[in-house]
Amino acid sequence: MDDGNCPIPEQFPEVRSHFLHVVGSLARRLLEAVAASEPAGHLASALAEAVLLADEPRLAREVLAGGPHALTRAIELADLVLKTTVPCVDAQKA
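Worth saying up front: this structure is predicted, and the values here are computed from it rather than measured. (Residues numbered from 1 in each chain as written. Predicted model: local features only at pLDDT ≥ 70, side-chain atom pairs only at ≥ 80, totals over all residues. Heavy atoms only, no water.)

Caption draft 1: Here's a closer look at the overall build of the protein. A count of helical and extended segments in the protein gives four helices and zero strands. Taken from N to C terminus, the helices and strands of the protein fall in the order α-α-α-α. For the protein, with 94 residues in total, the buried portion stands at 35%. The long-range fraction of contacts in the protein, counting pairs at least 24 apart against all pairs at least 6 apart in sequence, stands at 52%. Here the protein displays about 5400 Å² of accessible surface, and carbon together with sulfur accounts for 57% of that area. (Helix = DSSP H or I, 4+ residues; strand = E, 2+ residues; numbered from the N terminus. Buried < 20%, exposed > 50% of the residue type's maximum accessible area, 1.4 Å probe, protein only. Contact = heavy atoms within 4.5 Å. Areas by Shrake-Rupley, 256 points an atom, 1.4 Å probe, with all protein chains shown as cover.)

See below:
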């Protein structure tokens with residue numbers, strides 16, 4: 001989800017920046033919760049719902065569908081989001 005794939009129109013740079021920040025924050029919080037063996041289902045759902053607004057719907061749908069692999073898919077989704085949003089968010093801070 002690089003800046004070019006952000007679902008928020010370019011005419012709204014503050015909203016785009018906020019969206020990307022929120023998605024990245026959710027991904028970090030999910031991974032931190034999993035690493036700390038804390039409940040992460042609500043974070044997995046929130047991350048998946050946010051990403052459905054962007055370009056990563058397959059993993060997001062699998063997370064929301066639940067099942068035995070939902071958390072694994074949420075971790076993959078968080079990794080994908082962080083790989084694609086962190087450079088975008090860092091560039092907008094500069």
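Caption draft 2: Looking closely at the nonpolar core. Core analysis: the biggest nonpolar cluster contains 22 residues, and Val-23, Leu-30, Leu-47, Val-51, Leu-77 and Val-81 have the highest contact counts within it. Elements with a contribution of two residues or more to this core: α1 (13-35), α2 (41-52), α3 (57-65) and α4 (70-93). The greatest single-element share of this core, amounting to seven residues, is contributed by α1. For Leu-30, the residues in contact, after removing those within four places along its chain, are Ala-40, Leu-43, Ala-44, Leu-47, Leu-71, Ala-74, Ile-75 and Ala-78. (Core = buried A, V, L, I, M, F, W, Y, C linked by side-chain atoms within 4.5 Å.)

Caption draft 3: Structural view of the pattern of salt bridges. This model, assessed by the stated rule, comprises two salt bridges. The partner of Glu-62 in a salt bridge is Arg-73, with the nearest N and O atoms 2.8 Å apart. Of this pair, Glu-62 sits in helix α3 while Arg-73 sits in helix α4, placing them eleven residues apart in sequence. Arg-73 is the salt-bridge partner of Glu-76, the closest N and O atoms lying 3.3 Å from each other. Taken together, the residues Glu-76 and Arg-73, both in helix α4 and three residues apart, mark about one turn of the helix. Since its relative accessible area comes to 24%, Arg-73 is described here as partly exposed. One network of salt bridges, with partners in common, ties together Glu-62, Arg-73 and Glu-76. (Salt bridge = Lys/Arg side-chain N within 4 Å of Asp/Glu carboxyl O.)

Caption draft 4: Structural view of unusual backbone geometry. Despite not being glycine, Ser-37 has its phi angle at roughly 55°, a positive value. Relative to the helices and strands, Ser-37 is located in the loop between α1 and α2. The exposure class assigned to Ser-37 is exposed, which follows from its relative accessible area of 69%.

Caption draft 5: Broad picture of α1. Here α1 spans 33 Å end to end across 23 residues, near enough to the 33 Å set by a 1.5 Å rise per residue. Among the residues making up α1, those that are buried are Arg-16, Phe-19, Leu-20, Val-23, Gly-24, Leu-26, Ala-27, Leu-30 and Ala-33. Positive backbone phi, at 55°, marks Ser-37, one or two positions downstream of α1. (Expected span 1.5 Å × (residues − 1).)

Caption draft 6: Main features of the packing of α2 against α3. Packing of α2 against α3 leaves a shortest axis separation of 8 Å and a crossing angle of 145°. Along this stretch, α2 crosses α3, giving a crossing that reads as left-handed. In this structure, α2 uses Ala-44, Ser-45, Ala-48, Glu-49, Val-51 and Leu-52 to contact α3, whose residues at the interface are Pro-57, Ala-60, Arg-61, Val-63 and Leu-64. Residues of the contact of α2 with α3, tallied by class, amount to eight nonpolar, one polar and two charged. (Axes fitted to C-alpha atoms, helices over the stretch in contact; angles between N-to-C directions. Left-handed = near helix turned anticlockwise from the far one by under 90°. Nonpolar A, V, L, I, M, F, W, Y, C, P; charged D, E, K, R; others polar.)

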